[in-house]
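Working through the structure, step by step
So the chains spell out like this:
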Amino acid sequence: MGDVIESVWLGSKPEPLKSPAAEIVRTLESRRITAVRRVGKHIVFDLELADGVGRAPSPARRRTRLRRPSLRKKAAGGSARPAQESNAQWIVHLGMTGRMVVCEADSETAKHTHLVAKLASGRELRFVDPRRFGRLSVAHGFEAGGSEPLEVKPDHFVSLFHGRKTPIKSALLNQKLLRGVGNIYADESLFRAGIRPRRRAASLTRDDLRRLYPAVREVLREAIALGGSSVSDYVDADGEDCLVCRTPIKRVVIAGRSSHYCPKCQK
Ligand SMILES: [Zn+2]
């Protein structure tokens, strides 16, 4: 898409806002939309700071800066928001009746419009939801740092992997998506979820990901409880056969790392 959000208007109804209004506005304004994907009832917009575009200071602000050099210094050093904020996501949960509309700026505003994002192209993105079960939220830094697996919500977990063309094992190890899932923990989680490590993330169904979510969390929690030692439900002491079905464990290399799986228990 690549359009830049210049400004954001929010309606007065509080229900659709899952993140604070000021944070939504601050996160959306002056951002370029780099990708849009639909994940079930969610629409996720990936946003990056739009350099210069739409960020020229207004005359009023310029005057303020001249009078107050301290502000100017701040503004100069910080064209940038903190690094972890340079990438952000705008997440729209459609609820029952919510919809996103792209239209010309002069087209009539529908009743029950809760957000209008003015785009540099002259168009507008509008969120319309008569029954107000939909939710608008923003999130920061998935690309920069990844989410904390024990804090991430199921829907967001699904959206991290949905549509990715890499093997699910590589995606689990990708620290930009989830933090702290090491090689052995990834193998163990995939075993518990019954998923082969080489399967493309994009080929996993929502149900697969819904099984993987608790598996990853369980494995990490157990690892923490054990003081970081590895946990294994599936490889026996000599590391050869599946503990569940006695099938010899297979080893493959994915993204330069050894992966082990049971060809019978994992599909
Ligand atoms: Zn097995």
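See the structure above.
Read on for an overview of the structure.

So, how was this worked out
Residues numbered from 1 in each chain as written. Predicted model: local features only at pLDDT ≥ 70, side-chain atom pairs only at ≥ 80, totals over all residues. Heavy atoms only, no water. Helix = DSSP H or I, 4+ residues; strand = E, 2+ residues; numbered from the N terminus. Buried < 20%, exposed > 50% of the residue type's maximum accessible area, 1.4 Å probe, protein only. Contact = heavy atoms within 4.5 Å. Areas by Shrake-Rupley, 256 points an atom, 1.4 Å probe, with all protein chains shown as cover. Salt bridge = Lys/Arg side-chain N within 4 Å of Asp/Glu carboxyl O. Donors = N, O, S within 2.8 Å, 3.2 Å for Na, K, Ca; no water. Arc of directions from axis to C-beta. Polar contact = N/O pair within 3.5 Å; in protein donor to acceptor, adjacent residues only side chain to side chain. Phe/Tyr/Trp six-rings, centres within 6.5 Å; stacked < 30°, edge-to-face > 60°. Core = buried A, V, L, I, M, F, W, Y, C linked by side-chain atoms within 4.5 Å. Axes fitted to C-alpha atoms, helices over the stretch in contact; angles between N-to-C directions. Parallel < 35°, antiparallel > 145°, perpendicular 65-115°, else oblique. Left-handed = near helix turned anticlockwise from the far one by under 90°. Nonpolar A, V, L, I, M, F, W, Y, C, P; charged D, E, K, R; others polar.

**Things to note about the overall build of the chain**
Within the chain one finds eight helices and 10 strands. For the chain, buried positions account for 41% of its 267 residues. A separation of at least 24 residues holds for 64% of the contacts in the chain among residues at least 6 apart in sequence. Element-wise, carbon and sulfur atoms account for 52% of the exposed surface of the chain, whose accessible area totals about 14000 Å².

**Some thoughts on the pattern of salt bridges**
Here the structure, examined in full by the defined rule, presents 13 salt bridges. The closest approach of N and O atoms between Arg 123 and Asp 3, which form a salt bridge, is 3.3 Å. Of the two residues, Arg 123 is situated in strand β7 (residues 123-128) and Asp 3 in the segment before β1 (4-10); the sequence distance between them amounts to 120 residues. A residue is classified by how much of its surface remains accessible, and Arg 123, at 29% relative accessible area, is partly exposed.

**Regarding the coordination of the zinc ion**
For the zinc ion, the protein coordination sphere consists of Cys 242 (SG), Cys 245 (SG), Cys 262 (SG) and Cys 265 (SG), at 2.2 to 2.3 Å. Counting along the primary sequence, the residues that act as donors to the zinc ion give the motif C-x2-C-x16-C-x2-C. Residue Cys 262 is classed as buried on the basis of its relative accessible area, which comes to 0%.

**Let's talk about helix α1 (residues 21-28)**
Every buried residue of α1 is listed here: Ile 24, Thr 27 and Leu 28. Here the buried residues of α1 occupy an arc of 90° about the axis, which is enough to place them on one side. Ser 30 sits one or two residues past α1 and shows a positive phi near 65°.

**Let's talk about the side chain of Thr 113**
Along the chain, Thr 113 turns up in strand β6 (residues 113-119). At 2.7 Å, the side chain of Thr 113 and the backbone oxygen of Ala 110 are in polar contact. Among residues more than four places away in sequence, those in contact with Thr 113 are Trp 9, Arg 126, Phe 127 and Val 128.

**Thoughts on unusual backbone geometry**
Backbone geometry at His 112 places phi at a positive 65°, although glycine is not the residue there. In this structure, His 112 sits in the loop between β5 (99-104) and β6. In this structure, Ala 255 takes a positive phi of about 50° despite not being glycine. Mapped onto the elements of the fold, Ala 255 is located in the loop between β9 (250-254) and β10 (257-261). Look at Ala 255 and you get exposed, because its relative accessible area is 63%.

**So, the packing of aromatic side chains**
Working definition: an aromatic ring pair is given by the centre-to-centre distance plus the angle between the planes. In total, this model carries three aromatic pairs according to the counting rule given. Ring centres of Phe 157 and Tyr 213 lie 5.2 Å apart, and the angle between their planes is 65°; this geometry places the pair in the edge-to-face category. Here Phe 157 is found in helix α5 (residues 154-161), whereas its partner Tyr 213 is found in helix α8 (residues 206-225), with 56 residues between them in sequence. The pair Phe 157 / Tyr 213 is uniform in exposure class, with both members buried.

**Topic: the nonpolar core**
By size, the foremost hydrophobic cluster in this structure holds 27 residues, and its most contacted members are Phe 157, Phe 161, Ile 168, Leu 172, Leu 178, Val 181 and Leu 212. Counting residues per element, this core draws most heavily on α8, at eight residues. Beyond its immediate sequence surroundings of up to four residues, Val 181 is in contact with Pro 149, Leu 172, Leu 173, Gln 175, Ala 186, Val 216 and Leu 220. Judged by nonpolar contacts, the second largest core, of 20 residues, contains Leu 115, Ala 117, Leu 125 and Val 138.

**Quick look at the packing of helix α7 (residues 183-193) against α8**
Contact geometry of α7 with α8 gives a least axis separation of 8 Å together with a crossing angle of 135°. By the angle between their axes, α7 is oblique relative to α8. The chirality of how α7 crosses α8 is right-handed. Facing α7, whose interface residues are Tyr 185, Glu 188, Ser 189, Leu 190, Arg 192 and Ala 193, α8 presents Arg 211, Leu 212, Ala 215, Val 216, Glu 218, Val 219, Leu 220, Glu 222 and Ala 223. In terms of residue class, the contact of α7 with α8 is built from nine nonpolar, one polar and five charged.

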